[in-house]
Amino acid sequence: MSVNSKRVRTPAGEALTSLILQLFRVNSLIFTAGDRLAAHLGLTGARWQILGAIVRAGQPQSVAWHARDLGMSRQNVQRIVNDLRGLDFTTFATNPQHRRAQLVLVTDKGREAYEAAMALQAPWVNRISDGLTSRDLRAFGRVLLSMRKKLEDDRGA
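Residues numbered from 1 in each chain as written. Predicted model: local features only at pLDDT ≥ 70, side-chain atom pairs only at ≥ 80, totals over all residues. Heavy atoms only, no water.

Engineer: So, the overall build of the chain: which residues are in play, and what are the values?
Structural biologist: Helix and strand content of the chain: seven helices and three strands. Its helices and strands in sequence order give the chain the pattern α-α-α-β-α-α-β-β-α-α, from N to C terminus. Compactness check: the chain gives a C-alpha radius of gyration of 19 Å against a globular reference of 15 Å for 157 residues, more than 25% above the reference. Overall, the chain is about 55 × 40 × 25 Å in size when its C-alpha atoms are taken along their principal axes. (Helix = DSSP H or I, 4+ residues; strand = E, 2+ residues; numbered from the N terminus. Rg over C-alpha atoms; globule rule 2.2 N^0.38 Å.)

Here is the structure:
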């Protein structure tokens, strides 16, 4: 295979490249919207994302677990968890499975902030989804899930 043939994208590869560029922009806009929606609660889009992961986990988990679950670096998640702890939104507990990897717990104050943010998110997401069909959104979700699985598999290659 020549060097040039490695650089030529298939039609699907070209379409996926275009989609990836759109996803980068959409991701940035989502975080900016999160910053705007929840700033008065002490949340940025990134803090909201991590706090939501902690709440939705259903049980205390380590920072490393949250990082793996979100596909993020442990260091970045740790920094944000520390920010949330400084706001009294999270606290740490001893992990009986691993002495050094503490468990992250949401506090009552953190749960209240998360619920307040989600109450603000509902009208926002309804406005953004106006004109989109549930069928199209579910199809897009399936495409994203398939991409995610391929990317996760590709990490080990």
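Engineer: An account of helix α6 (residues 108–129) is requested, with residue identities and associated values reported.
Structural biologist: Three- or four-residue spacings in an α-helix give side chains the same orientation, since the helix completes a turn every 3.6 residues. Taking 1.5 Å of rise per residue, 22 residues should cover 32 Å, and α6 covers 31 Å from first to last C-alpha, within 8% of that figure. A maximum bend of about 30° is found in α6 at Q121, where proline P123 lies one to four positions downstream. Of all the residues in α6, the buried ones are G110, A113, Y114, A117 and W124. On its buried side, α6 packs onto α2 (11–38), α3 (45–56) and β3 (103–106). Two residues or fewer past α6, G131 is found with a positive phi of approximately 90°. (Expected span 1.5 Å × (residues − 1). Bend = angle between axes of the 7 residues up to and from the residue. Buried < 20%, exposed > 50% of the residue type's maximum accessible area, 1.4 Å probe, protein only. Contact = heavy atoms within 4.5 Å.)

Engineer: Which residues make up the sheet that holds strand β2 (residues 90–93), and what values do they have?
Structural biologist: Backbone hydrogen bonds are what pair the strands of a sheet, in a parallel or an antiparallel way. A sheet is described by the order of its strands in space; here three strands give the open sequence β1-β3-β2, paired in antiparallel fashion. Edge positions in the open sheet fall to β1 (61–62) and β2, since each of these has one partner strand only. (Pairing = 2+ DSSP bridges.)

Engineer: Give me the lowdown on the pairing of β3, citing residues and values where you can.
Structural biologist: Sheet topology note: the β1/β3 ladder contains two bridges and is antiparallel. When the sheet's bridge partners are listed, S62 is paired in β3 with L103. Both β2 and β3 contribute to a ladder of four bridges, which runs antiparallel. Bridge assignment links T91 to a residue of β3, and that residue is L105.

Engineer: Quick one: what's the story with the environment of T44, residue by residue and with numbers?
Structural biologist: Relative to the helices and strands, T44 resides in the loop between α2 and α3. As a C-alpha pair, T44 and T32 span twelve residues in sequence and 8.3 Å in three-dimensional space. Among the polar contacts made by the side chain of T44, one reaches the main-chain amide nitrogen of R47 at a distance of 3.0 Å. (Polar contact = N/O pair within 3.5 Å; in protein donor to acceptor, adjacent residues only side chain to side chain.)

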